[in-house]
Amino acid sequence: MPRKDLSKNKNGEYVYFIFLRYVIILVIGLGNLFVFYFIFTPPTLYLSYYILKLFFDVSLSGIIISLGEKGVEIVKACVAGAAYYLLFMLNLGIAMNWKKRILSITYSFLVLFFLNVVRIVILSSLFFTNSSAFDITHKLTWYGLSIVFVVLIWFSSVHIFKIKQIPFYDDVKYLYNIVKKSKR
């Protein structure tokens with residue numbers, strides 16, 4: 001059943017909002033997540049660069065942060081567009097009012113952004129200082145920590161914004177109940 005914030009809508013209106021949310025999810029995901037890379041690449045690159053500049057004599061050329069002969073290229077994987085998209089999907093996969101949704105998305109994206117910049121700065125620092133811990137740290141953050149980041153951010157958003165629904169499941173359950181009632 002729809003939650004309080006949408007319970008005044010008739011079934012048809014509620015179904016329309018479900019449809020609209022999923023269309024938005026699909027449209028935003030088109031183009032190899034272009035929207036997320038377009039929005040988050042410049043701030044990720046520049047904030048990482050300026051923080052590294054506090055500790056190293058780095059230079060910036062395009063998407064490469066360099067220290068002498070060593071360079072760190074901020075590629076799409078570094079920007080974590082897929083992680084932003086997953087948080088976006090989880091958020092739009094539930095019914096809630098738009099104010100709460102915008103606050104939840106903003107919170108999720110800001111936390112991911114800052115954690116990601118910290119990750120890039122730490123990895124770049126390890127790389128620039130020839131640390132033997134670079135390879136293992138890079139692999140651990142690539143395979144494990146990125147998943148942990150998204151899960152923790154989502155669960156903290158659920159807690160902070162008092163989200164009671166289960167993404168996607170509650171919509172499917174609601175639609176199933178409508179179909180089931182219409183067959184009676």
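Residues numbered from 1 in each chain as written. Predicted model: local features only at pLDDT ≥ 70, side-chain atom pairs only at ≥ 80, totals over all residues. Heavy atoms only, no water.

Chemist: Any details on the sheet that holds strand E1 (residues 59-61)? Residues and values, ideally.
Modeler: With respect to topology, 3 strands assemble into an open sheet ordered E1-E2-E3, the strand pairing being antiparallel. The outermost strands of the open sheet, each flanked by one partner alone, are E1 and strand E3 (70-73). Adjacent strand axes in the sheet meet at a mean angle of 30° when their direction is disregarded. As judged from the 3 bridges shared by E1 and strand E2 (residues 64-67), these two strands associate in the antiparallel manner. Bridge assignment links Leu60 to a residue of E2, and that residue is Ile65. Sitting on the sheet, helix H4 (residues 98-128) touches E2 and E3, and the angle it makes with E3 is about 160°. (Pairing = 2+ DSSP bridges. Helix = DSSP H or I, 4+ residues; strand = E, 2+ residues; numbered from the N terminus. Axes fitted to C-alpha atoms, helices over the stretch in contact; angles between N-to-C directions. Contact = heavy atoms within 4.5 Å.)

Chemist: Tell me about unusual backbone geometry, residues and numbers included.
Modeler: Its identity is not glycine, yet Asn32 carries a phi of approximately 55°, on the positive side. For Asn32, the position within the fold is in helix H1 (residues 11-53). Of note in this structure, Asn130 is not a glycine but carries a positive phi near 55°. Checked against the element boundaries, Asn130 lands in the loop between H4 and helix H5 (134-160).

Chemist: Give a description of H5 that names residues and reports values.
Modeler: A bend of about 45° at Thr141 is the largest found in H5. The set of residues buried in H5 consists of Phe134, Thr141, Phe149, Val150, Ile153, Trp154, Ser157 and Val158. In this structure, the buried side of H5 is in contact with helix H3 (81-92) and H4. After H5 finishes, the residue Lys162 shows a positive phi value of roughly 50°. (Bend = angle between axes of the 7 residues up to and from the residue. Buried < 20%, exposed > 50% of the residue type's maximum accessible area, 1.4 Å probe, protein only.)

Chemist: Kindly report on the packing of H3 against H4, identifying the contributing residues and their values.
Modeler: Helix-helix packing: each pair is described by the crossing angle between the helix axes and the interaxial distance. As a packed pair, H3 and H4 sit with axes 10 Å apart at the nearest point and diverge in direction by 160°. Taken together, H3 and H4 sit at an angle that is classed as roughly antiparallel. Note on packing geometry: the crossing formed by H3 with H4 is right-handed. From H3, Ala83, Tyr84, Leu87, Phe88, Asn91 and Leu92 reach across to H4, where they touch Arg101, Ser104, Ile105, Ser108, Phe109, Leu112 and Phe113. (Parallel < 35°, antiparallel > 145°, perpendicular 65-115°, else oblique. Left-handed = near helix turned anticlockwise from the far one by under 90°.)

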